[in-house]
Amino acid sequence: MVAILAPLLLPANFRFPLLDWINNWGPTTAWLIRGGAVLLGLVLWLRFRNQE
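Everything numeric in this text was worked out from a predicted model, so none of it was measured. (Residues numbered from 1 in each chain as written. Predicted model: local features only at pLDDT ≥ 70, side-chain atom pairs only at ≥ 80, totals over all residues. Heavy atoms only, no water.)

K.L.:
Honestly, the overall build of the protein chain in this entry has me stumped. Any pointers?
P.N.:
What the protein chain contains, in helices and strands, is three helices and zero strands. The principal-axis extents of the C-alpha atoms in the protein chain amount to approximately 45 × 20 × 15 Å. In the protein chain, buried positions account for 12% of the 52 residues. Of the roughly 4600 Å² of accessible surface on the protein chain, 69% is carried by carbon and sulfur atoms. (Helix = DSSP H or I, 4+ residues; strand = E, 2+ residues; numbered from the N terminus. Buried < 20%, exposed > 50% of the residue type's maximum accessible area, 1.4 Å probe, protein only. Areas by Shrake-Rupley, 256 points an atom, 1.4 Å probe, with all protein chains shown as cover.)

K.L.:
How should a nonpolar patch on the surface be read in this particular structure?
P.N.:
Side chains of M1, V2, L5, L8, L9, L10, F14, F16, L18, W21 and W25 sit close together on the surface and give an oily, nonpolar patch of about 1200 Å² of accessible area. Among the elements of the structure, α1 (2-9) and α2 (17-23) are those that each provide at least two residues to the nonpolar patch. Of the residues forming the nonpolar patch, the biggest block, four residues, is contributed by α1. Judged by relative accessible area, L18 falls into the partly exposed class, the value being 46%. (Patch = residues over 30% accessible without salt bridge, like charges linked within 9 Å, V, L, I, M, F, W, Y side chains within 5 Å. Salt bridge = Lys/Arg side-chain N within 4 Å of Asp/Glu carboxyl O.)

As structure tokens, this is what we get:
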């Protein structure tokens, strides 16, 4: 979620190495990586949320 929200909330001159690396792959691939990370996080959260 940070990778999706950071460009919208942080100043334009803020440099974040992970976002720079993701953006080097091109816009389509960058969005696929971000979406895949969010989807993976959602799946893991849904899978393990009720285990104690």
